[in-house]
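Descriptive analysis of the structure
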Amino acid sequence: MSAPTLDRPAVDETALQAQFDATIAADHRVEPRDWMPEGYRKTLVRQIAQHAHSEIIGMQPEGDWLLAAPSLRRKAVLLAKVQDEAGHGLYLYSAAETLGADRADLTDRLIEGRQKYSSIFNYPTLTYADVGVIGWLVDGAAICNQVPLCRSSYGPYARAMIRVCKEESFHQRQGYELLMTMMRGTPEQRAMVQDAVDRWWWPSLMMFGPPDDDSPNSAQSMAWGIKRHSNDELRQRYVDMSVPQAQVLGVTLPDPDLRWDEESGHWRSGPIDWAEFKRVISGEGPCNAERIARRRAARDDNAWVTEAATAYAAKHAEGHAGAVA
Ligand SMILES: [Fe+2]
Ligand SMILES: [Fe+2]
């Protein structure tokens, strides 16, 4: 190897790749300071950004009910939950920044449709029962997806997920508790819960992404330890978890083909309408335009706050530098 020069240090890519591979093989964490293949970095930025966008956009369907919560207690619970989602977005955008991504750029990509967010948040919340069903089913699906991410190979992402999962488990319980209360109420309240379950069940199954044989990037993500289980495995885990909860609640899941498979010990669900999933993810869901318009307004209307904060930080840094000198 020739001696490194000041302007271009010699980099032995093969050795770095070997070191990275050894880290993954040993199930150790990759940290921001470590060398990583460009494909690994790009995949993570895409996944973490998509996850962050989902948390932020996910505040909207439930946020719509903050002013119409039926009691002070329900309002306080929902407010805390929606605020948690903002926090999740913050941890995740910060994790993306450790990979060299720029947060303002990620927001632009979301608004311009160049990066996606979970298809589930493009459905409307029509009644207060939707708040309960989102907590139970949508946050429940998020937990199934996110618990394995606590062991993701990228350190900052894995660590962010630990706290996120603790909060998601509160979200799921508050949803289930709300539904339990409504199911013990009037026939109208029970009907509201059933109607919300009918509308959210199938979209919640779609949250795990396309079936394994139509998920081209999954194998590489699993080899890199970013993903720990396939989409179909996680979806199955979610169905097995949700069916007994539906029974306790006293609601019917809207799937005539749902059956217990004695041999495998799993609940088997009927076919998912993947055409609907593709339609919604490509922008034609019931609320896509509304969600993005609101996010765009939040960026544009609050630009002055970012500008003022940036100017203040610059001034403060100048003053601090002066004090040190
Ligand atoms: Fe969340
Ligand atoms: Fe949540």
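Residues numbered from 1 in each chain as written. Chains lettered and ligands numbered in written order. Predicted model: local features only at pLDDT ≥ 70, side-chain atom pairs only at ≥ 80, totals over all residues. Heavy atoms only, no water.

**A word on the overall build of the chain**
Within the chain one finds 13 helices and two strands. C-alpha extents for the chain along the principal axes are approximately 80 × 55 × 30 Å. For the chain, the proportion of its 325 residues judged to be buried stands at 45%. Taking contacts inside the chain between residues at least 6 apart in sequence as the whole, the part at least 24 apart equals 78%. Counting every atom, the chain has about 16800 Å² of accessible surface; 57% of that belongs to carbon and sulfur. Placing the 36 positive and 45 negative side-chain charges of the chain at their respective mean positions leaves the two points 3 Å apart. (Helix = DSSP H or I, 4+ residues; strand = E, 2+ residues; numbered from the N terminus. Buried < 20%, exposed > 50% of the residue type's maximum accessible area, 1.4 Å probe, protein only. Contact = heavy atoms within 4.5 Å. Areas by Shrake-Rupley, 256 points an atom, 1.4 Å probe, with all protein chains shown as cover. Lys, Arg positive; Asp, Glu negative; His and termini not counted. Charge placed at Lys NZ, Arg CZ, Asp CG, Glu CD.)

**Regarding the side chain of D130**
Assignment of secondary structure puts D130 in helix α6 (residues 129–146). A distance of 2.8 Å separates polar atoms of two side chains, one belonging to D130 and the other to R199. (Polar contact = N/O pair within 3.5 Å; in protein donor to acceptor, adjacent residues only side chain to side chain.)

**So, the coordination of the iron ion (ligand 2)**
On the protein side, the iron ion (ligand 2) has E85 (OE), D139 (OD), E168 (OE) and H171 (ND1) as donor atoms, found 2.0 to 2.2 Å from it. Around the iron ion (ligand 2) sit four donor atoms; with metal-centred angles ranging over 85 to 161°, the donor geometry is irregular. In terms of primary sequence, the donors binding the iron ion (ligand 2) are separated according to E-x53-D-x28-E-x2-H. In this structure, the iron ion (ligand 2) is positioned 3.4 Å from the iron ion (ligand 1), and both are ligated by E85. Of this pair, E168 and H171 are both found in helix α7 (residues 155–183), three residues apart, which corresponds to roughly one turn of the helix. Comparing E168 with H171 shows no difference in burial state: the two are buried. (Donors = N, O, S within 2.8 Å, 3.2 Å for Na, K, Ca; no water. Tetrahedral: all angles 85-135°; square planar, octahedral: opposite > 155°, others 65-115°.)

**Thoughts on the coordination of the iron ion (ligand 1)**
For the iron ion (ligand 1), the full set of protein donor atoms is E55 (OE), E85 (OE), H88 (ND1) and E168 (OE), and the range of their distances to it is 2.0 to 2.2 Å. For the iron ion (ligand 1), the four donor atoms are set out with angles of 84 to 146° between them, so the coordination reads as irregular. Residue classification places E55 among the buried positions, given a relative accessible area of 6%. On the basis of relative accessibility, which here comes to 1%, the residue E168 falls in the buried class.

**Looking at the packing of aromatic side chains**
In this structure the tally under the stated criterion is 10 aromatic pairs. Consider the rings of F20 and Y40, whose centres lie 4.9 Å apart with planes at 75°: the pair is edge-to-face. You can see F20 sitting in helix α1 (residues 13–25) and its partner Y40 sitting in helix α2 (residues 38–57), a full 20 residues away along the chain. Residue classification places Y40 among the buried positions, given a relative accessible area of 0%. Seen from their ring centres, W201 and Y238 are 5.7 Å apart, and the 20° between their planes marks the pair as stacked. Of this pair, W201 sits in helix α8 (residues 187–206) while Y238 sits in helix α10 (residues 231–249); the two residues are 37 residues apart in sequence, bridging distant segments of the chain. Assigned by exposure class, W201 and Y238 land together as buried. (Phe/Tyr/Trp six-rings, centres within 6.5 Å; stacked < 30°, edge-to-face > 60°.)

**So, α10**
Over its 19 residues, α10 extends 26 Å from the first C-alpha to the last, a length consistent with the 27 Å expected when each residue adds 1.5 Å. Of the surrounding secondary structure, the elements contacted by the buried residues of α10 are α6, α7, α8, α9 (218–223), β2 (266–268) and α11 (274–284). Looking one or two places after α10, you find G250, whose phi comes out positive at around 90°. (Expected span 1.5 Å × (residues − 1).)

**Observations regarding the environment of D212**
For D212, the position within the fold is in the loop between α8 and α9. The spatial distance from the C-alpha of D212 to the C-alpha of G175 is 30 Å, given a sequence separation of 37 residues. If near-sequence neighbours (up to four positions away) are discounted, D212 is found in contact with S230, N231, D232 and E233. A distance of 2.6 Å separates a polar atom in the side chain of D212 from a polar atom in the side chain of S230.

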